[in-house]
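# Chain and residue survey
Residues per chain, in single letters:
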Amino acid sequence: MIELRGVSKTVDSGGRPLTILHPLDLTIASGQFLAVLGPSGSGKSTLLGLVAGLDAPTSGEILIDDVNIAKLSEDALAKLRGEKIGFVFQLFHLVPSLTAFENILIPMEIAGRRDAAARAKRLLDEVGLADRGHHYPSQLSGGEQQRVAIARAMANDPPIILADEPTGNLDSTTGRLVMELLLQVRRTRQTTMMLVTHDVDLAALADSRLMLRDGRPVKPLLEATR
Ligand code: ADP
Ligand code: MG
């Protein structure tokens, strides 16, 4: 369960405070799929970064399974993130000097899992890259790199996936395949998911939708027309 209470973010913009996310309340029950929509610059990535604990809110509380992540030490937060959250980025963010297999190993090695190598093999297989484990990111297509990133995000079987425009850098056919994979891994694991997307058809598949504009929620068209 993810709960946000009065969560806002104000940054310094050339010496002046700029609020990029206005106080927001949001609850996502376990296993639910929330699509986050909105034009570029509306605060979508800011919101995901806050939920991931990659950034601290200016006000409010972010509770992940009843734990207020703003109150955690750096170490405790890193541990919670490693166990509970898988993050998929628009630009994949693989480590270029490591192979696909080694990239998937990283979160499991941090968590000290003994079965890391066997699991990494299974995950590569699950994302359809069983024979590409020894390739470096530069030797893989964008769609393949994103598959590796999805496998890495799922490595510790996190209950939560946060995906920020995961198909934003892929052509539409590849993007659709990557999205199908992400939805499939979510379905098999009953993962809670927050997905930032511009794809209205995809957002229609979600359990609920949050549309942001200038850092504030607005009613999504989809809901308005129902
Ligand atoms: P989105 O993901 O919806 O495109 P972002 O959350 O990345 O939007 O950004 C929201 C707004 O906040 C944008 O106008 C962006 O330029 C601004 N912004 C984000 N981070 C900072 C920062 N650290 N300092 C100043 N402005 C920022
Ligand atoms: Mg963004």
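Residues numbered from 1 in each chain as written. Chains lettered and ligands numbered in written order. Predicted model: local features only at pLDDT ≥ 70, side-chain atom pairs only at ≥ 80, totals over all residues. Heavy atoms only, no water.

A few words on the overall build of the protein. Helix and strand counts for the protein stand at eight helices and ten strands. Radius of gyration (C-alpha) of the protein: 17 Å, near the 17 Å computed for a compact globule of 226 residues. Judged by the C-alpha coordinates and their principal axes, the protein covers about 50 × 40 × 35 Å. Counting across all 226 residues of the protein, residues that qualify as buried make up 47%. Carbon and sulfur atoms make up 51% of the accessible area of the protein, which totals about 11,200 Å². With 25 positive and 27 negative side-chain charges, the protein shows a spacing of 2 Å between the two charge centroids. (Helix = DSSP H or I, 4+ residues; strand = E, 2+ residues; numbered from the N terminus. Rg over C-alpha atoms; globule rule 2.2 N^0.38 Å. Buried < 20%, exposed > 50% of the residue type's maximum accessible area, 1.4 Å probe, protein only. Areas by Shrake-Rupley, 256 points an atom, 1.4 Å probe, with all protein chains shown as cover. Lys, Arg positive; Asp, Glu negative; His and termini not counted. Charge placed at Lys NZ, Arg CZ, Asp CG, Glu CD.)

It is worth spelling out the packing of helix H5 (residues 142-153) against helix H6 (residues 172-189) at this point. At a minimum axis separation of 10 Å, H5 and H6 run at an interaxial angle of 15 degrees. Judged on the interaxial angle alone, H6 and H5 are roughly parallel. The two elements H5 and H6 meet at a crossing, and its hand is right-handed. Within the contact between the two elements, H5 uses Gly143, Gln146, Arg147 and Ile150 and H6 uses Thr174, Leu177, Val178, Leu181, Leu182 and Val185. Residue composition of the contact of H5 with H6, by class: six nonpolar, three polar and one charged. (Axes fitted to C-alpha atoms, helices over the stretch in contact; angles between N-to-C directions. Parallel < 35°, antiparallel > 145°, perpendicular 65-115°, else oblique. Left-handed = near helix turned anticlockwise from the far one by under 90°. Contact = heavy atoms within 4.5 Å. Nonpolar A, V, L, I, M, F, W, Y, C, P; charged D, E, K, R; others polar.)

As for its placement among the helices and strands, Arg152 is situated in helix H5. Among buried Asp, Glu, Lys and Arg side chains, Arg152 stands out as unpaired, with Glu102 the closest opposite charge at 12 Å. Among the polar contacts made by the side chain of Arg152, one reaches the main-chain carbonyl oxygen of His93 at a distance of 2.9 Å. Contact partners of Arg152, with chain neighbours within four places excluded, come to Phe92, His93, Leu94, Val95, Asn103, Ile104 and Pro107. (Salt bridge = Lys/Arg side-chain N within 4 Å of Asp/Glu carboxyl O. Polar contact = N/O pair within 3.5 Å; in protein donor to acceptor, adjacent residues only side chain to side chain.)

Time to look at the sheet that holds strand E9 (residues 208-213). Reading across the sheet, the six strands line up as E6-E7-E8-E3-E9-E10 and stay open at both edges, with mixed pairing between neighbours. Of all the strands in the sheet, the pair left with one neighbour each is strand E6 (85-88) and strand E10 (216-218). Averaged over all neighbouring strand pairs, the angle between strand axes comes to 25 degrees, with direction disregarded. Bridge count for strand E3 (residues 33-37) against E9 is four bridges, and the pairing is parallel. Note that in E9 the partner of Val36 across the bridge is Leu210. Against the sheet, H6 makes contact with E3, E6, strand E7 (160-164) and strand E8 (192-196), and its axis sits at roughly 160 degrees relative to E8, the strand it touches most. (Pairing = 2+ DSSP bridges.)

Turning to the nonpolar core, a few remarks are in order. Most often, soluble globular proteins keep nonpolar side chains buried together rather than apart. With 39 residues, the main nonpolar core has Ile104, Met108, Ile150, Leu182 and Met193 as its most contacted residues. Looking at this core, the elements with two or more residues in it are E3, helix H3 (100-110), helix H4 (116-126), H5, E7, H6, E8 and helix H7 (200-205). Not counting residues within four places of it along the chain, the set of residues in contact with Ile104 comprises Ala120, Leu123, Leu124, Val148, Ala151, Arg152 and Ala155. Counting 27 residues, the second largest nonpolar core, distinct from the first, contains Ala52, Ile62, Val196 and Leu212. (Core = buried A, V, L, I, M, F, W, Y, C linked by side-chain atoms within 4.5 Å.)

In the vicinity of ligand 1, the contacting residues are Val11, Ile20, Pro39, Ser40, Gly41, Ser42, Gly43, Lys44, Ser45 and Thr46. Lys44 has a polar side-chain atom sitting 2.7 Å from an oxygen atom of ligand 1. Side-chain polar atom of Thr46 to an oxygen atom of ligand 1: 2.5 Å apart, as the coordinates give it. Here ligand 1 loses 57% of its free accessible area of 560 Å² to cover by the protein chains. Broken down by element, the residue count for the shell around ligand 1 peaks at three residues, all from helix H1 (residues 44-51). (Near = heavy atom within 4 Å.)

Aromatic ring pairs are defined here through the distance separating the ring centres and the angle between the ring planes. Counted by the stated rule, this structure contains one aromatic pair. Residues Phe87 and Phe89 carry aromatic rings whose centres are separated by 4.4 Å and whose planes lie at 20 degrees to one another, so their mutual orientation is stacked. By relative accessible area, which is 25% here, Phe89 ends up partly exposed. (Phe/Tyr/Trp six-rings, centres within 6.5 Å; stacked < 30°, edge-to-face > 60°.)

The residue Arg209 is located in strand E9 in this model. Among the polar contacts listed, one links the side chain of Arg209 to the backbone oxygen of Ala203, at a separation of 2.6 Å. There is a polar contact of 3.2 Å between the side chain of Arg209 and the backbone oxygen of Ala206.

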